[in-house]
Amino acid sequence: MSGSASLRLLACQIDVPPMTRAEERDAHLSRTTRLVSDALSERPADLVVLPELSSIDYSRPAFDALDALAEPLEGPSFQAWARVAQMHDAHIVFGFARQAGPDRFISMGVAAPDGTCLGAYDKLHLCQYGASMEKEYFTRGDHVLTFEVNGLTCAPIVCYDIRIPELSRSLTLKHGADIILHSGAYYRDESFATWHDFITARALENQVYLLSLNRAGTHFGGSAFCRPWMDGTRPKHLFDPHKEDLRWFDVTRTEIAEAREGYTFLKDRLPDYDALPRD
């Protein structure tokens, strides 16, 4: 594992207003792309990440209006963020409702610094409890996505995906993820209190960086950034509980290597737990 790879990450806890029309979505995209572009002009970053469905409101009225708000892979959201990616020589991961034939997906698209689309990750596990109603409107995804930034492997996942440990484990062990980009729309319902417990466990057990990015707002907020090792003197980084909050973080292969050398969780795994006999 080379220790030289590094990147600077800009994580954007942004507000998303109510909307039911494409014109409202596009006005929101215009505001947020200006916000992020201005931030990058002041302090560049190699990788920019936005929340789940960052292009549209997470609500039943918005989902009822998906005929107007959903879009193809390289639709208005991609076009808007691709311009920012090119202007600032950055990779940008953004959330949108993807239309593909009759199916709609909760997707994270990736715009490359040259303005091309590196693909999309479609949410694998749809949430249907608390304030969530995803199975009524969306189709679950069928693939993972990874991409490289400065030699580091990045893997987007979405909200409820974090509560299924096999996914993060597979991204780490099978796909070589160095940083898991976990974008969410965490409403302050009965499941909100346990969210940070899951992200802490996923980061420490896999010894990877993990950004868990919520949207801003009265009922949202509280994003967090986890490192490959955290303790009483190195806690997770917490965003504002409610307000818009843009933060920069440095990610290095060296810190991952040091965590795995000092705490040998991954090395000490047995080859096959299913093969162990029952006493």
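Residues numbered from 1 in each chain as written. Predicted model: local features only at pLDDT ≥ 70, side-chain atom pairs only at ≥ 80, totals over all residues. Heavy atoms only, no water.

Asker: I'd like to hear about the pairing of strand β5 (residues 117-122), residue by residue, with values.
Answerer: Here 5 bridges tie strand β4 (residues 103-111) to β5, and the two strands are oriented antiparallel to one another. Its bridge partner lying in β5, Gly109 is registered against Ala120. Taken together, β4 and the strand that follows it, β5, pair antiparallel across an intervening segment of 5 residues, in which Gly115 is found at a positive phi of about 90°. (Pairing = 2+ DSSP bridges. Helix = DSSP H or I, 4+ residues; strand = E, 2+ residues; numbered from the N terminus.)

Asker: Now, about the sheet that holds strand β11 (residues 237-238): what can you tell me, with residues and values included?
Answerer: With respect to topology, 6 strands assemble into an open sheet ordered β6-β7-β8-β9-β10-β11, the strand pairing being mixed. Both outer strands of the open sheet, β6 (147-149) and β11, are each paired with one neighbouring strand and no more. Here strand β9 (residues 209-213) runs beside strand β10 (residues 224-226); their pairing, made up of 3 bridges, is antiparallel. Along β10, the bridge assignment pairs Ser212 with Ala224. Against the sheet, helix α5 (residues 165-173) contacts β7 (152-158) and β8 (179-183), and its axis sits at roughly 165° relative to β7. (Contact = heavy atoms within 4.5 Å. Axes fitted to C-alpha atoms, helices over the stretch in contact; angles between N-to-C directions.)

Asker: Which residues make up the side chain of Glu71, and what values go with them?
Answerer: Position of Glu71 among the secondary structure elements: in the loop between α3 (66-69) and α4 (76-88). Here Glu71 sits buried without a salt bridge, and the closest side chain of opposite charge, Arg25, lies 4.0 Å off (N-O distance). At a separation of 2.7 Å, a polar atom in the side chain of Glu71 contacts the side chain of Ser77. Contacts of Glu71, omitting those with residues within four sequence positions, involve Arg25, Pro76, Ser77, Phe78, Phe96, Ala97, Arg98 and Gln99. (Buried < 20%, exposed > 50% of the residue type's maximum accessible area, 1.4 Å probe, protein only. Lys, Arg positive; Asp, Glu negative; His and termini not counted. Salt bridge = Lys/Arg side-chain N within 4 Å of Asp/Glu carboxyl O. Polar contact = N/O pair within 3.5 Å; in protein donor to acceptor, adjacent residues only side chain to side chain.)

Asker: Before we move on, can you summarise the pattern of salt bridges with the specific residues and values?
Answerer: Any two side chains of opposite charge can pair if their charged atoms end up close together. For the structure shown, the criterion picks out 15 salt bridges. The salt bridge involving Glu134 is made with Lys123; its shortest N-O contact spans 2.9 Å. Remark: Lys123 occurs in the loop between β5 and β6 and Glu134 occurs in the loop between β5 and β6; sequence separation between them is 11 residues. Both residues of the pair, Glu134 and Lys123, count as buried. Ionic contacts of the salt-bridge type, sharing partners, join the residues Arg21, Glu23 and Glu24 into one network.

Asker: Give a description of helix α1 (residues 22-42) that names residues and reports values.
Answerer: Under the 1.5 Å per step criterion, the end-to-end length of α1 is 30 Å for 21 residues, consistent within 8% with the ideal 30 Å. The inward-facing, buried residues of α1 contact β1 (6-13), β2 (47-49), α3, α4 and β12 (245-252). (Expected span 1.5 Å × (residues − 1).)

Asker: I'd like to hear about the packing of aromatic side chains, residue by residue, with values.
Answerer: A full pass over the atoms with the stated rule returns 14 aromatic pairs. Summarising the aromatic geometry, the rings of Trp229 and Tyr263 are spaced 3.8 Å apart at their centres and angled 10° between planes, so their arrangement reads as stacked. With a gap of 34 residues between them, Trp229 in the loop between β10 and β11 and Tyr263 in the segment after α7 (253-262) connect regions that are remote in the sequence. With a relative accessible area of 17%, Trp229 lands in the buried category. Of the aromatic side chains, those joined through ring pairs into one cluster are Tyr58, Phe63, Tyr137 and Phe138. The positively charged end of Arg215 is found above the aromatic ring belonging to Phe220, 5.8 Å away from the centroid. Between Arg247 and the ring centre of Phe239, over which it is positioned, the NZ or CZ distance is 5.1 Å. (Phe/Tyr/Trp six-rings, centres within 6.5 Å; stacked < 30°, edge-to-face > 60°. Lys NZ or Arg CZ within 6 Å of the ring centre and 35° of its normal.)

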